Amino acid sequence: MKALAPLFVVLCLACGCALPPITLPPQKTIFEKNPSQLNCVFAGAVDFEKKIITETLSIMPAKVQQAIDKIVVDEERTAEYTGNMIAYCINQGGWMEIHIWRPRLERCIVWHEAAHAYDYHLGLDDDIKWLKIIGDGPGHTEGRSYPSKGVLEKYGAQDWLEDRAVWVEFIYRLIANQSHPFRNIPDFKDARYIQKLGILLEQGFIDQVVHDTVLEAINSNK
Ligand SMILES: [Zn+2]
């Protein structure tokens, strides 16, 4: 495992679609359902922020929550926040630390960075299965709109790790009744969507119930 893995960030653009919830309970119920399995250190977060982060993560599998060792809410964007970064996850010899810039502390950011922490925890330098099905999926080209070819948004097109983190982020957006692209996929018959969903289940980013909910959403495209 690398002593210091590269930093990753999400811009977390809202997808803009406003589909009504179909089979999911109200958001409040979703976040009250599961006891937290989080066992991490917090820094910089006030009690209210800790509560939001904890309940946000509570809808992810226990092993994803437990992959996170520390969550820092930063008042300022320090030197580590390069470019347009608003959050990042860093792997320091197996210690997974998530940083989120306070003004952008949002549920989608938490899910996205948790996905990076869990990916680091899995320790896959490159996930052959994911790369195999990517085909010509990633790699943004001028004029390409999303979702397409199994990639959910432009941010995910840059590399496989971001692709996965965007997938995880959007999956939990759907579960939490937030906007998401799964019922607005023009090429939903492209097998890569369902293949990627299957890998995320297999590797433990999501459980069977979540998998089936997303599958239903993908298949509801017409
Ligand atoms: Zn990212």
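Since the model is a prediction, treat every value here as computed from it, not as a measurement.

K.L.:
Which residues make up the overall build of the protein, and what values do they have?
P.N.:
Summing up its helical and strand segments, the protein has 8 helices and 4 strands in all. Every one of the 222 residues in the protein was classed for burial, and the buried ones make up 36%. Of all intrachain contacts in the protein linking residues separated by at least 6 positions in sequence, the fraction that spans at least 24 positions is 74%.

K.L.:
Which residues make up the pairing of strand β4 (residues 95–101), and what values go with them?
P.N.:
When you tally the buried positions in β4, you get 5 out of 7 residues, the bulk of the element. Relative to β4, strand β2 (residues 70–74) runs parallel, the two sharing 5 bridges. Each residue of the ladder has a partner; that of Lys 70, found in β4, is Glu 97. Across 6 bridges, the pairing between strand β3 (residues 87–92) and β4 is antiparallel. Bridge assignment links Ala 87 to a residue of β4, and that residue is Ile 100. Remark: 2 residues form the turn of the hairpin made by β3 and β4, two consecutive strands paired antiparallel; Gly 93 in that turn has positive phi of roughly 60 degrees.

K.L.:
If you had to explain the environment of Ile 90 to someone new, which residues and values would you point to?
P.N.:
Here Ile 90 lies in strand β3. The class for Ile 90 is buried, based on 21 C-beta atoms found within 10 Å. Residues Ile 90 and His 116, spaced 26 residues apart in sequence, show a C-alpha to C-alpha distance of 8.5 Å.

K.L.:
Give me the packing of helix α7 (residues 192–203) against helix α8 (residues 208–219): which residues, what numbers.
P.N.:
It is at 10 Å that the axes of α7 and α8 come closest, and there the two elements cross at 170 degrees. Here α8 runs roughly antiparallel to α7, going by the angle between their axes. Side by side, α7 and α8 meet where Tyr 193, Ile 194, Leu 197 and Leu 201 of the first sit next to Gln 208, His 211, Val 214, Leu 215 and Ile 218 of the second. Residue classes in the contact of α7 with α8 are distributed as 7 nonpolar, 2 polar and no charged.

K.L.:
I'd like to hear about helix α4 (residues 107–122), residue by residue, with values.
P.N.:
Here α4 is 16 residues long and its end C-alpha atoms lie 23 Å apart, about the 22 Å a rise of 1.5 Å per residue gives. For α4, the tally of buried residues reaches 14 of 16 residues, placing the bulk of the element in the interior. Gly 123 occupies a position one or two residues after α4 and carries a positive phi of about 75 degrees.

K.L.:
Run through the sheet that holds β2, naming residues and quoting values.
P.N.:
The strand order across the open sheet formed by 4 strands is β1-β2-β4-β3, and the pairing between neighbours is mixed. Two strands lie at the open edges of the sheet, namely β1 (41–43) and β3, each paired on one side alone. Averaged over all neighbouring strand pairs, the angle between strand axes comes to 15 degrees, with direction disregarded. Where α4 meets the sheet, it contacts β3 and β4, and its direction lies at approximately 160 degrees from that of β4.

K.L.:
Which residues make up the nonpolar core, and what are the values?
P.N.:
In this structure, Ile 68, Ala 114, Ala 117, Val 168 and Ile 171 are the most contacted members of the largest nonpolar core, which totals 50 residues. For this core, the secondary structure elements donating two or more residues are α2 (47–57), β3, β4, α4, α6 (160–175), α7 and α8. Considering every element that reaches this core, the biggest residue donor is α6, with 10 residues. Two domains each put at least three residues into this core: domain 1 (1–116) and domain 2 (126–222). When neighbours within four sequence positions are excluded, Ile 68 is seen to be in contact with Leu 38, Cys 40, Met 96, Ile 98, Ala 114 and Ala 117.

K.L.:
A description of unusual backbone geometry should follow, citing residues and the corresponding values.
P.N.:
For the bond from Tyr 146 to Pro 147, the omega torsion is 0 degrees, close enough to zero to count as cis. Its location among the elements puts Pro 147 in the loop between α5 (128–134) and α6. You will see that Lys 149, though not glycine, has its phi angle at about 50 degrees, which is positive. You can see Lys 149 is positioned in the loop between α5 and α6.

K.L.:
Go over α7, please, and point to the residues and values.
P.N.:
Along its 12 residues, α7 runs 16 Å from first to last C-alpha, staying within 8% of the 16 Å computed at 1.5 Å per residue. Turning to α7, its buried residues are Tyr 193, Lys 196 and Leu 197. Each buried residue of α7 lies within a common arc of 100 degrees when the element is viewed along its axis, so the set occupies one face. Residues of α7 that are buried sit in contact with α5, α6 and α8. Directly after α7, the chain includes Gly 204, whose backbone phi takes a positive value near 95 degrees.

Thresholds, definitions, all that
Residues numbered from 1 in each chain as written. Predicted model: local features only at pLDDT ≥ 70, side-chain atom pairs only at ≥ 80, totals over all residues. Helix = DSSP H or I, 4+ residues; strand = E, 2+ residues; numbered from the N terminus. Buried ≥ 20, exposed ≤ 12 C-beta atoms within 10 Å, placed from the backbone. Contact = placed C-beta atoms within 7 Å. Pairing = 2+ DSSP bridges. Axes fitted to C-alpha atoms, helices over the stretch in contact; angles between N-to-C directions. Parallel < 35°, antiparallel > 145°, perpendicular 65-115°, else oblique. Nonpolar A, V, L, I, M, F, W, Y, C, P; charged D, E, K, R; others polar. Expected span 1.5 Å × (residues − 1). Core = buried A, V, L, I, M, F, W, Y, C linked by C-beta atoms within 7 Å. Domains from an automatic or database assignment. Arc of directions from axis to C-beta.

Geometric descriptors of this kind do not, in isolation, establish any biological role.
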